[in-house]
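# Chain and residue survey
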Amino acid sequence: MVVLSIPAVEQFSIVKNCKPISSFFPSNIPIIDISKPDSKNLLVKACEEFGFFKIINHGVPMEFINNLELEAIKFFSSPLNQKEKAGPADPFGYGNRKIGTNGDIGWVEYILLSTNSEFNYQKFASILGLDPENIRVAVNDYVSAMKKMACEILEMLAEGLKIYPKNVFSKLLMDEQSDSVFRINHYPPCPEVQEFNGRNLIGFGAHTDPQIISLLRSNNTSGLQISLEDGHWISVPPDQNSFFINVGDSLQVMTNGRFKSVKHRVLANSLKSRLSMIYFGGPPLSEKIAPLASLIKGDQDSLYKEFTWFEYKKSAYNSRLADNRLVLFEKVL
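Residues numbered from 1 in each chain as written. Predicted model: local features only at pLDDT ≥ 70, side-chain atom pairs only at ≥ 80, totals over all residues. Heavy atoms only, no water.

With that settled, the discussion passes to the overall build of the protein. Scanning the protein from N- to C-terminus turns up 7 helices and 15 strands. The burial tally for the protein puts 54% of its 333 residues in the buried class. For the protein, the exposed area adds up to about 15,400 Å²; of that, 52% sits on carbon and sulfur atoms. (Helix = DSSP H or I, 4+ residues; strand = E, 2+ residues; numbered from the N terminus. Buried < 20%, exposed > 50% of the residue type's maximum accessible area, 1.4 Å probe, protein only. Areas by Shrake-Rupley, 256 points an atom, 1.4 Å probe, with all protein chains shown as cover.)

What follows is the structure in structure tokens.
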């Protein structure tokens, strides 16, 4: 059994059960077959209404997914004092409980990796049963597939918005200086969940992603929830063979609020562990982020001030997880 050194459950955020959703709630999660010609219009609609969708027929080799999951399970199954050899997360490496530097904690442990600068995989060398080279190859194969898919989705979105050239979003991820990151989260079972009678223990608190786009894949353990526009939370049925896509804050700005950066969270599970792998596609640090002129029609105003990704990233990481980070960059109209 995996033992995670986490303080008493009382220190964690507890939320009341979500408002019941009728039996049609799975239809609230757009499911899009990106192999079909009309998918670009469906992608735009999903980004406008939810900021979140599930994609099928994605073409990512299952071998890449399975290899990385196997290496992740080996790592997270190791004793805590072994895993800590791959930390602390500064910001890259192994961490547990602490989410950021501003007091947020969760029922989670994780590995955070840069997708550009070379992470020192030799940190894993002294952990019994792990081969650093196997981990490096598994991560690189998976991240390369995620980057390719993210760029394809962003180009389909540009086409759906009738923006040219179609690489207006994807070129930011393809840039050699792209500030993209990759995270593997592990949520151990939390038996104490059953003690809270109709309330849920937060594994990872409510937040939006600051980057352009996020690609998430998890095992078949539930826990992920998204917030609808009316503030109600709905559970996302897990699907280990598909990917879930989040619109990030930066893409919301670039589309002048047309696309919605989705607020999401993860609830702890009392019986099963949850493993999720997330690619966060970000622009170069020096990139200026602002609404695209082609998406501001007629007498419509720009809703956001121009800022660099470095400025927004610094602001985001100096805030609490649940803060509305974009409010500081909104124009007063």
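Let's shift gears to the packing of aromatic side chains. The description of an aromatic ring pair rests on the distance of the ring centres and on the angle between the ring planes. All told, the structure shown has 10 aromatic pairs when counted by the stated rule. Here Phe75 and Phe124 contribute two aromatic rings whose centre-to-centre distance is 5.4 Å and whose plane-to-plane angle is 85°, an arrangement assigned as edge-to-face. Placement of Phe75 in helix H2 (residues 62–76) and of Phe124 in the loop between strand S5 (104–114) and helix H4 (132–160) is noted, with a sequence separation of 49 residues between them. Each member of the pair Phe75 and Phe124 is classed as buried. Ring centres of Tyr142 and Phe182 lie 5.5 Å apart, and the angle between their planes is 45°; this geometry places the pair in the tilted category. With Tyr142 in helix H4 and Phe182 in strand S6 (residues 181–187), this residue pair connects regions lying 40 residues apart in the sequence. (Phe/Tyr/Trp six-rings, centres within 6.5 Å; stacked < 30°, edge-to-face > 60°.)

The calculated volume of the largest pocket comes to roughly 1,200 Å³. Ile99, Gly100, Leu112, Arg183 and Tyr317 are, among the 49 residues lining the largest pocket, the residues nearest its centre. Among the elements of the structure, strand S4 (93–99), S5, S6, strand S7 (199–207), strand S12 (264–267), strand S13 (274–281) and helix H7 (309–317) are those that each provide at least two residues to the lining of the largest pocket. Here the residues of the lining of the largest pocket sort into 22 nonpolar, 16 polar and 11 charged. By volume, the second largest pocket amounts to about 440 Å³. If you trace the second largest pocket, you find 22 residues lining it, with Thr208, Gln252, Ser261, Val262 and Lys263 closest to the centre. Elements with a minimum of two residues in the lining of the second largest pocket: strand S9 (224–227) and helix H6 (249–254). (1 Å grid on protein atoms, 1.4 Å probe; cavity = no way out; pocket = protein on both sides within 12 Å on 5 of 7 lines; lining within 4 Å. Points joined across faces, edges and corners; volume = space filled by probe spheres on them. Nonpolar A, V, L, I, M, F, W, Y, C, P; charged D, E, K, R; others polar.)

What the 8 strands build is an open sheet, ordered S2-S3-S11-S8-S13-S6-S5-S4; its pairing is mixed. In this open sheet, the two strands that pair with only one neighbour each are strand S2 (31–33) and S4. Neighbour-to-neighbour, the strand axes of the sheet open up by a mean angle of 30°, direction not taken into account. The pairing of S4 with S5 spans 6 bridges and is antiparallel. Looking across to S5, one finds that Ile99 is bridged to Asp104. Against the sheet, helix H1 (residues 39–49) touches S2, strand S3 (52–56) and strand S11 (243–247), its axis set at about 160° to S2. Its contacts with the sheet place H4 against S3, S5, S6, strand S8 (213–218), S11 and S13, and it is angled at close to 130° to S8. (Pairing = 2+ DSSP bridges. Axes fitted to C-alpha atoms, helices over the stretch in contact; angles between N-to-C directions. Contact = heavy atoms within 4.5 Å.)

Our focus in this paragraph is the confidence of the model for the protein. For the protein, per-residue confidence averages 87 on the pLDDT scale, and residues scoring 70 or more make up 89% of the total. This model gives residues 1–26 a pLDDT under 50, and the stretch forms 61 contacts once residues within four places in sequence are excluded. (pLDDT = per-residue confidence, 0-100.)

It is worth spelling out H7 at this point. Residues Trp309, Tyr312, Ser315 and Ala316 constitute the buried set of H7. End-on, the buried residues of H7 take up no more than an arc of 130°, which puts them together on one face. In this structure, the buried side of H7 is in contact with H6, strand S14 (288–289) and strand S15 (307–308). (Arc of directions from axis to C-beta.)

Now for empty space enclosed by the protein. Enumeration over the complete set of coordinates arrives at 2 cavities of 30 Å³ or more. Empty space within the largest cavity amounts to approximately 80 Å³. Lining the largest cavity, in full, are Leu68, Glu71, Ala72, Phe75, Ile111, Leu113, Tyr121, Phe124, Ile135, Val139 and Ile184. Every element with two or more residues in the lining of the largest cavity is listed here: H2, S5 and H4.

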